[in-house]
Amino acid sequence: MTAPIIRKLSEIRALTAGWKAAGARIGVVPTMGALHAGHMSLVEAAKADCDRVIVWIFVNPKQFNNPEDLANYPRTEQDDAEKLAPHAVDVVYAPDVDQVYPEGFATMVSVSGLTDVLCGAHRPGHFDGVATVVSKIFLQTGADRAYFGEKDFQQLQVVRRMARDLDIPIEVVACPTVREASGLALSSRNLRLSPEGLETAARLYPILRDMAEELEQGNRFPPLELRARARLAEAGFGEVEYLELRSEAGLAALDHASVPARLFVAAWLDGVRLIDNVPVRPA
Ligand code: PAF
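Residues numbered from 1 in each chain as written. Predicted model: local features only at pLDDT ≥ 70, side-chain atom pairs only at ≥ 80, totals over all residues. Heavy atoms only, no water.

A.B. asks: Could you give an account of the site of the ligand, naming the residues involved and the relevant values?
C.D. replies: The immediate surroundings of the ligand are formed by Pro 30, Thr 31, Met 32, Asn 60, Gln 63, Val 133, Phe 148 and Gln 155. Note that an oxygen atom of the ligand is positioned 2.6 Å from one of the side-chain N or O atoms of Gln 63. Notes on the ligand: free accessible area 290 Å², of which the protein chains cover 89%. Of the residues that constitute the shell around the ligand, the class distribution is four nonpolar, four polar and no charged. (Near = heavy atom within 4 Å. Polar contact = N/O pair within 3.5 Å; in protein donor to acceptor, adjacent residues only side chain to side chain. Areas by Shrake-Rupley, 256 points an atom, 1.4 Å probe, with all protein chains shown as cover. Nonpolar A, V, L, I, M, F, W, Y, C, P; charged D, E, K, R; others polar.)

Given below as structure tokens:
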């Protein structure tokens, strides 16, 4: 059965108030729709440890720094509802825009430091939009736990810091990246790749894994970066926006894997911006 869809804040508040009164633990899965198996893994994680599960679907205009990207973002609500049906979530909250940003809305949440690097450095304002909408997701739903994918690892760290700094009583739960059999990380943007583009895109993960392995053996990052950039160009990628080794906790740039770290990449292919990251254990 498809889950009921709620569009008004007053209605989600009434529903969650009843759940809370009954002592239920509430989980929320924040999404912008165009749901795929990666989102479903978040839903399943929420279902496994919460009594009630809300799926949030809202294409957040404030996190797009490019109007064309916002206009082209897939909106597939009917399809999303069908994909969610077998997972039996309690409700889909797909708020109308004025329920999130009412007339005269004037407040932005901005997390400094963590947002100066990686995607934050290349997409001005993006993380302010994310932090603002996610603080609203937390406050509107009053959820006890929120589920985020590690594919957007910087987003995960920004959201954690925001919830901590603002004393929002919610546990942010990280779920591993879901990949195609080829290794390609699932993303709504993959829908925009041609069949050849998909083949090229699948080369990204093995290149990252090879680098991670060498870093874990104690090798330094700079020479590995040069080699990996050459391999990406040879595979057919366009501009590599960044390819960096950073600490997991504070996203500090590293020369070698001295602490738990991640390799982060953003690269263009067929006019599509792909991002991915892999963990690197300290050497
Ligand atoms: O990861 C996403 O889909 C979005 O950034 C999020 C967390 C739903 C906020 O709009």
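A.B. asks: Could you give me a rundown of empty space enclosed by the protein, with the residues and numbers involved?
C.D. replies: All chains considered together, the criterion is met by two cavities of 30 Å³ or more. When its volume is computed, the largest cavity comes out at roughly 910 Å³. Along its surface, the largest cavity is lined by 48 residues, and His 39, Tyr 73, Lys 151, Asp 152 and Gln 155 are the ones closest to its centre. Secondary structure elements with two or more residues in the lining of the largest cavity: β2 (26-31), α2 (37-49), α6 (118-122), α7 (126-141), β5 (145-149), α8 (153-165), β8 (261-269) and β9 (272-280). (1 Å grid on protein atoms, 1.4 Å probe; cavity = no way out; pocket = protein on both sides within 12 Å on 5 of 7 lines; lining within 4 Å. Points joined across faces, edges and corners; volume = space filled by probe spheres on them. Helix = DSSP H or I, 4+ residues; strand = E, 2+ residues; numbered from the N terminus.)

A.B. asks: Hey, could you go over the nonpolar core for me, with residue numbers and the actual values?
C.D. replies: Judged by nonpolar contacts, the single largest core of 43 residues is most densely connected at Ile 54, Trp 56, Val 133, Val 134, Phe 138, Phe 148 and Met 162. Among the elements that line this core, the one with the most residues is α7, at seven residues. Once residues lying within four places of it in the same chain are set aside, the contact partners of Val 134 are Phe 148, Val 159 and Met 162. Within the second largest apolar cluster, 29 residues are counted, among which are Leu 184, Ala 201, Leu 243 and Leu 269. (Core = buried A, V, L, I, M, F, W, Y, C linked by side-chain atoms within 4.5 Å. Buried < 20%, exposed > 50% of the residue type's maximum accessible area, 1.4 Å probe, protein only. Contact = heavy atoms within 4.5 Å.)

A.B. asks: Which residues make up the layout of surface pockets, and what values go with them?
C.D. replies: Looking at the largest pocket, its volume works out to about 230 Å³. Forming the boundary of the largest pocket are 13 residues, of which Asn 66, Asp 69, Arg 189, Trp 268 and Arg 273 lie nearest the centre. Looking at which element gives the most residues to the lining of the largest pocket, the answer is helix α3 (residues 67-72), with three residues. Its residues placed into classes, the lining of the largest pocket shows one nonpolar, five polar and seven charged. Empty space within the second largest pocket amounts to approximately 200 Å³. If you go around the second largest pocket, you meet 14 residues; those closest to its centre are Ile 57, Phe 58, Val 59, Glu 77 and Ala 94. Here the residues of the lining of the second largest pocket sort into seven nonpolar, two polar and five charged.

A.B. asks: Would you mind going over α8 in detail, with residue names and values included?
C.D. replies: Over its 13 residues, α8 extends 18 Å from the first C-alpha to the last, a length consistent with the 18 Å expected when each residue adds 1.5 Å. What α8 keeps buried is the set Phe 153, Gln 154, Gln 155, Leu 156, Gln 157, Val 158, Val 159, Met 162 and Ala 163. Where α8 is buried, its residues contact α6, α7, β5, β6 (171-175), β8 and β9. (Expected span 1.5 Å × (residues − 1).)

A.B. asks: Describe unusual backbone geometry, and please don't skip the residues or the numbers.
C.D. replies: Although it is not a glycine, Ala 88 adopts a positive phi angle of roughly 50°. Counting through the fold element by element, Ala 88 comes out in the loop between α4 (77-84) and β4 (91-93). Ala 88 sits in the partly exposed class, given a relative accessible area of 45%. At Asp 167, a residue that is not glycine, the phi angle is positive and equals roughly 55°. Looking at the secondary structure, you find Asp 167 in the loop between α8 and β6.

A.B. asks: Talk me through the sheet that holds strand β7 (residues 240-247); I want residue IDs and the actual numbers.
C.D. replies: The three strands are arranged β7-β8-β9 in an open sheet whose pairing can be described as antiparallel. Every interior strand has two partners, whereas the edge strands, β7 and β9, have only one. For this sheet the average axis-to-axis angle between neighbouring strands, irrespective of direction, equals 10°. Bridging between β8 and β9 involves nine bridges; their strand directions are antiparallel. Note on β9: the bridge partner recorded for Trp 268 is Arg 273. (Pairing = 2+ DSSP bridges. Axes fitted to C-alpha atoms, helices over the stretch in contact; angles between N-to-C directions.)

A.B. asks: Talk me through the confidence of the model for the protein; I want residue IDs and the actual numbers.
C.D. replies: In this model, the protein carries an average pLDDT of 97, and 100% of its residues clear a pLDDT of 70 or more. Confidence, read as mean pLDDT per element, is least for α3 in the protein (89) and greatest for β2 (99). (pLDDT = per-residue confidence, 0-100.)

A.B. asks: Describe the state of the cysteines, with residues and values.
C.D. replies: Summed over the entire model, instances satisfying the criterion amount to zero disulfides. Of all cysteine sulfurs in the structure, the one in Cys 175 sits closest to Cys 50, which takes part in no disulfide; the separation is 10 Å. Assessed through its relative accessible area of 9%, Cys 50 is described here as buried. The exposure class of Cys 175 is buried, given its relative accessible area of 5%. (Disulfide = S-S within 2.5 Å.)

A.B. asks: How would you summarise the pattern of salt bridges if you had to cite specific residues and measurements?
C.D. replies: According to the stated counting rule, one finds 19 salt bridges in the structure shown. Among the salt bridges present, the one from Arg 227 reaches Glu 214, with a minimum N-O distance of 3.2 Å. With a gap of 13 residues between them, Arg 227 in helix α11 (residues 221-235) and Glu 214 in helix α10 (residues 204-216) connect regions that are remote in the sequence. Exposure remark for Arg 227: the relative accessible area of 48% places this residue in the partly exposed category. For Glu 214, a relative accessible area of 25% translates into the label partly exposed. The partner of Glu 241 in a salt bridge is Arg 273, and the shortest N-O contact between them spans 2.9 Å. Here Glu 241 is found in strand β7, whereas its partner Arg 273 is found in strand β9, with 32 residues between them in sequence. One salt-bridge network, in which partners are shared between bridges, spans Asp 49, Arg 145 and Glu 171. (Salt bridge = Lys/Arg side-chain N within 4 Å of Asp/Glu carboxyl O.)

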